[in-house]
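Understanding the architecture of this molecule
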Amino acid sequence: MRHRIAVDVIDPLGLGRRAEPVEFSLNFVVYQPDPNGIAVIDEAGVRISSQIVAASENSAGRLVFATLCFIAEMPTGV
């Protein structure tokens with residue numbers, strides 16, 4: 001089963017962002033990520049390069065926490 005979590009990246013000053021690193025953490029209480037990994041997808045459905053930079057598993061080997069990083073591009077005014 002596929003699950004999606006929406007993550008809004010905002011630029012409160014509207015100045016635009018170029019190669020802005022974004023880091024966020026996920027806790028997996030109910031759902032487990034796909035065995036092939038976690039994908040970050042933009043609004044257009046294009047996969048964005050991302051990396052899991054930290055993770056922890058419980059004693060059964062199930063992922064319970066992951067921190068991901070990706071690079072965001074936002075035009076001025078968005």
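Residues numbered from 1 in each chain as written. Predicted model: local features only at pLDDT ≥ 70, side-chain atom pairs only at ≥ 80, totals over all residues. Heavy atoms only, no water.

Some details on the pattern of salt bridges
Under the counting rule described, the total for this entry stands at 2 salt bridges. Two residues, Arg 18 and Glu 73, come together in a salt bridge whose shortest N-O distance is 3.8 Å. Placement of the pair is Arg 18 in strand β1 (residues 17-27) and Glu 73 in strand β5 (residues 63-74), with a sequence separation of 55 residues. Residue Arg 18 is classed as exposed on the basis of its relative accessible area of 71%. For Glu 73, a relative accessible area of 48% gives the class partly exposed. (Salt bridge = Lys/Arg side-chain N within 4 Å of Asp/Glu carboxyl O. Helix = DSSP H or I, 4+ residues; strand = E, 2+ residues; numbered from the N terminus. Buried < 20%, exposed > 50% of the residue type's maximum accessible area, 1.4 Å probe, protein only.)

Brief notes about unusual backbone geometry
In this structure, Ala 19 takes a positive phi of about 55° despite not being glycine. Note on placement: Ala 19 falls in strand β1.

Considerations on the packing of aromatic side chains
Counted by the stated rule, this structure contains 1 aromatic pair. With a centroid separation of 5.9 Å and 75° between ring planes, the pair formed by Phe 24 and Phe 70 is classed as edge-to-face. One end of the pair, Phe 24, is in strand β1; the other, Phe 70, is in strand β5, and 46 residues separate them in sequence. Taking relative accessible area as the criterion, Phe 70 reaches 9% and is therefore assigned buried. (Phe/Tyr/Trp six-rings, centres within 6.5 Å; stacked < 30°, edge-to-face > 60°.)

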